[in-house]
Amino acid sequence: MSEYSGKDIVILEGLEAVRKRPGMYIGSTGSRGLHHLIWEILDNSIDEHLAGFCDEIHITMQKDGGICIEDNGRGVPVDLHPTKKIPTVRVVYTILHAGGKFGNSAYKVSGGLHGVGSSVVNALSTKMIVEVRHNGCIYQDIYENGGKPAVSLENGMLPVIGKCAKSASGTKVTFYPDPEIFETIHFKPEVIKKKLKEIAFLNKNLKLIFKNEIDDEEIVYLEEFGIQSFVRYINRDAVVLHEDPIYIEGKSGDIEVEIAFQYTTNFSEQINPYCNRINVVDGGTLVTGFKTGLTRVMNQYARELGILKEKDENFDGKDIRNGLVAIISIKHPDPQFEGQTKTKLGNTDAKTAVEDVFTTQVQRYLDKNVEVLKKILDNSLKSYNARKASDKARTAVLKQLNDIDSKSKLAACTSKKPEECEVYIVEGDSAGGTVKTARNRKTQAVLPLRGKILNVEKASLEKILQNNEIKSMIASFGCGIGDDFDIKKLRYDKIIILTDADVDGAHISTLLLTFFYRFMPELIYEGKVYRGLPPLYKVDYENKKLPVKDNDKAEKGKKSRSKKMHSEYIFNDFELEKFRKNKDNKILSIQRYKGLGEMDASQLWETTLDPETRILAQISISDTVEADDVTTTLMSSSVPPRRQFIMEEAKYATLDV
C-alpha cells in the first residue's frame, strides 16, 4: 500500500481552484458555460440597477472575440481595501467570495450573493480589462493568463488612464475566454439576445444595448411594461382566453411582489418564478404562495357565482391552473436559495408576501372584470371534467402496473435500497443485452426500450397512458404519475438515459426528457435524471514521459501489446484535439465508437457503468421559460416555429460524418 501523507494534499491558491475545476463554478466548459461568463458580469451591472444607480448597460460582441459589458452604475470601488491593502477593484476581480453583497449596506436587493462571479470569469479568461469611471477619472486594471494582475500600482493605487465628467460613473469589463478551458470560445448572438430580452422584461425601464461587431448589428432592449410584456411574449403563438395579461403588484413588509398571468387554450401550466430576477426553476415558497392564493380565490368566486354547487367538491389547484402562463417576480432583501445554483427559494416570508399581495390585488381586478373571471372559471370547469375522465384512465393503468412490471424487459437489481440503486434506460434489446452483461447486478437495473417512445407533446393523457414503453417506465420507477406521483416512492437514486451517439439516440433522449419534463418534472428538479456519456474514441498511443509497463497482459485473442503502448478513452472531439496537440503523445491508432454495441462488456463497464470512472451528465433546468419554449417548439405539431428554430440554430451545429 502506497504511503498517504500531507505531501499528497494539494492546496490550490487563489483562482487556481477555478481553473482546475471550472464545472463547479459555471456548470460546464461547453457553450452553456461559456455564455455563463457573460451572465456573471452582467449580473453585477443589473444589481446596480436594482439598487437604483444604473439605467443603461452596453453589451458588445467584439470582432477580436472579446465580450465588453459597460454600465453607468456607481463603479466598482477603486480605493484601498482596508484589510488587503490593494485597490478594492483588484480584490473584487482576483479573490473568491469578495463582493459588496454579503452585507446590506451597498445592495438592499441583489441576485449575486456568493461573491464569486467576477473573479471566476477572470480566472477562466486569457485577458480581462477593467475600467472604472469615478470622480472625473478613468482607472484601469488588466489581468492575464487566468487572473494574474498585469498593471503596476502607483503608490498602491491603480493608474489613471484618462479623464471623464465628474458626474460620470460606471464600470466597463472586457474579457477573453481561455480556449484551453472551453470547448468553444465562439459566442452565439442568438443566445445573448434571448437572454437580454428576458432581462429587459424583468427589469422594467432598464435599457440594454447589444452590439454585435462581427455581424454589424445593434439592438436596443427596453420594456416599459415589464413582466406584462413577458407574458405576451411567451403566449405569442398561443390562443389566449383573455386579451390582456392580468398584472398586479404590491409590497408586504420589505418584499416587493409583481405577478402577471394569462390563460391560454393549452393543456399545461407554466409558472416562471424569479427572485431578485434570478429564475428559481424549482420554485419554492413564492410559487406555493401564488398557488395557494389562486386556488382559494377562484374556488371562492366559483361558489359565489353558482358554478360550484353546495354538494360539489372544490376545484383542484391543477384544474384552476390548466392553461395558465404566469410570471412571479419578487425582490427580497435576504433570499435563502438552495445551493450555488439558486434553483429553489426557501424563505417562508416569501410565501406569505406573495399570497397576501396576490389575494388582495387580484380580487380588486376580478371584481371589475367579471367577464375575464367567467372565462377563467369556465376553463377550470372544463379542466375539472377532463381530469375526472383522465383519472379513470390513470386509475386503470395504475391497477395494471404490477402486471406490466412483470411483463416488461426490466432487468432489476437485487438491492432494495433506493439510495444505492440506479436504472439505465437503453435503446433496443441488443444494447440492453450488453449493458446487462456489463452491469453491477446488485445496484444497476436495465430497462431496454422497444423502439422510440410516444411524443407526449402531441398526445392526450389517455393515449400516453396506453403506450407500453411509458407504462413500463412508470411501473419500473414505482413513483406513479400525475396527481399520484410521489418521489419518495422512487426505486432508484439515478435514472440514466444511455443511448448511442447518433441522430436516433439523440431523438430517443429528447422524447424521454420531454416525457419527464411534462409528466414527472420532479425527477429533473430533484436531480434524479442523467445522461450516460460513453466514449467516442479509444486511442492507443505511446508517451515518452509515461513509464514502461512491466506486466502488460495481452487482451484475449490478441497479440501482446508493446510495453510502451497505452490506451485512453476520449469522450468528445474537443478532448481528442487537445490529445493530438500533446507533443509527448505518439498516436498509434484511433477507434471510433458509433454505438454501445461496439464495446465489449469490460470496456462498457470501465467507461460507462463503473461509478468510479464513468462520466454522467446530470439533467437540470436553468431557465424555465427557455425550457418550455424549446420543448414546445421542437415537439409540438406546429411546423413553422420548429422550422424557424432549426434555421436559426443550424449554423451552430457540428456535423459528424
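In this report, we go over the structure that sits alongside the text. Note that this is a predicted model, so its numbers are computed, not measured.

### Some thoughts on the overall build of the protein chain
Next up, step 1: The helix and strand tally for the protein chain stands at 20 helices and 22 strands.
Next up, step 2: Here the contacts in the protein chain between residues at least 6 apart in sequence split such that 69% fall between residues at least 24 apart.

### Comments concerning unusual backbone geometry
Next up, step 1: Of note in this structure, Asn135 is not a glycine but carries a positive phi near 55°.
Next up, step 2: As for its placement among the helices and strands, Asn135 is situated in the loop between strand 3 (125-134) and strand 4 (137-144).
Next up, step 3: Judged by relative accessible area, Asn135 falls into the exposed class, the value being 53%.
Next up, step 4: We note that Asn145 has phi near 50°; this positive angle belongs to a residue other than glycine.

### Observations regarding the environment of Lys204
Next up, step 1: Of note, Lys204 is situated in the loop between helix 6 (189-202) and strand 8 (207-212).
Next up, step 2: A C-alpha to C-alpha distance of 10.0 Å links Lys204 and Ser229, two positions 25 residues apart in sequence.
Next up, step 3: The residues contacting Lys204, other than those within four sequence positions of it, are His49, Glu223, Glu224, Phe225, Gly226, Tyr247 and Glu258.

### Focus: the packing of helix 8 (residues 285-304) against helix 10 (residues 348-368)
Next up, step 1: Helix 10 packs onto helix 8 with a crossing angle of 35° between their chain directions and a minimal axis gap of 7 Å. Where helix 8 crosses over helix 10, the two elements pack in a sense that is right-handed.
Next up, step 2: A breakdown of the residues in the contact of helix 8 with helix 10 according to their chemical character gives eleven nonpolar, nine polar and four charged.

### Let's talk about the sheet that holds strand 16 (residues 444-449)
Next up, step 1: The strand order 16-15-17-18-22 describes an open sheet built from five strands, whose pairing is mixed. The two strands at the open ends of the sheet, each matched to only one other strand, are strand 16 and strand 22 (616-618). Between one strand axis and the next, the sheet turns by 30° as a mean value, whatever way the strands run.
Next up, step 2: With three bridges joining them, strand 17 (residues 494-498) and strand 18 (residues 529-532) adopt parallel strand pairing. Of the residues in strand 18, the one forming a bridge with Ile496 is Tyr530.
Next up, step 3: Packing against the sheet, helix 12 (residues 428-438) makes contact with strand 15 (422-427), strand 16 and strand 17, and its axis sits at approximately 170° to strand 16.

### Structural notes on the pattern of salt bridges
Next up, step 1: Counted by the stated rule, this structure contains 17 salt bridges.
Next up, step 2: Residue Arg277 pairs with Asp47 through a salt bridge whose shortest N-O separation is 2.6 Å. Linking Arg277 in the loop between strand 12 (270-275) and strand 13 (278-279) with Asp47 in helix 3 (residues 31-50), this pair joins segments that are 230 residues apart in sequence. For the residue pair Arg277 and Asp47, the accessibility class agrees, reading buried in each case.
Next up, step 3: As a salt-bridge pair, Arg232 and Asp244 come within 2.8 Å of each other at their nearest N and O atoms. With Arg232 in helix 7 (residues 227-234) and Asp244 in the loop between helix 7 and strand 10 (246-252), this pair connects stretches of sequence that are twelve residues apart.
Next up, step 4: Residue Arg232 is classed as partly exposed on the basis of its relative accessible area of 41%.

### Here we look at the pairing of strand 18
Next up, step 1: Pairing analysis gives three bridges linking strand 18 to strand 22, with the strands arranged antiparallel. For Gly532, the partnering residue across the bridge sits in strand 22 and is Leu616.

### Structural notes on the pairing of strand 15
Next up, step 1: In terms of residue burial, strand 15 counts as a mostly covered element, since six of its six residues are buried.
Next up, step 2: Alternating residues of strand 15 divide into Glu422, Tyr424 and Val426 and Val423, Ile425 and Glu427, and every residue in both groups is buried.
Next up, step 3: Of the strand pairs in this sheet, strand 15 and strand 16 are connected by six bridges, and their pairing is parallel. Within strand 16, the residue paired with Ile425 across the bridge is Leu447.
Next up, step 4: Crossover handedness for the path strand 15 to helix 12 to strand 16: right-handed.
Next up, step 5: Where strand 15 meets strand 17, five bridges bridge the pair, whose relative direction is parallel. Opposite Glu422, over in strand 17, you have Lys494 as the bridge partner.

Analysis parameters
- Residues numbered from 1 in each chain as written.
- Predicted model: local features only at pLDDT ≥ 70, side-chain atom pairs only at ≥ 80, totals over all residues.
- Heavy atoms only, no water.
- Helix = DSSP H or I, 4+ residues; strand = E, 2+ residues; numbered from the N terminus.
- Contact = heavy atoms within 4.5 Å.
- Buried < 20%, exposed > 50% of the residue type's maximum accessible area, 1.4 Å probe, protein only.
- Axes fitted to C-alpha atoms, helices over the stretch in contact; angles between N-to-C directions.
- Left-handed = near helix turned anticlockwise from the far one by under 90°.
- Nonpolar A, V, L, I, M, F, W, Y, C, P; charged D, E, K, R; others polar.
- Pairing = 2+ DSSP bridges.
- Salt bridge = Lys/Arg side-chain N within 4 Å of Asp/Glu carboxyl O.
- Right-handed = clockwise from strand over helix to strand, strands pointing away.

Just geometry here; none of it tells us what the structure is for.
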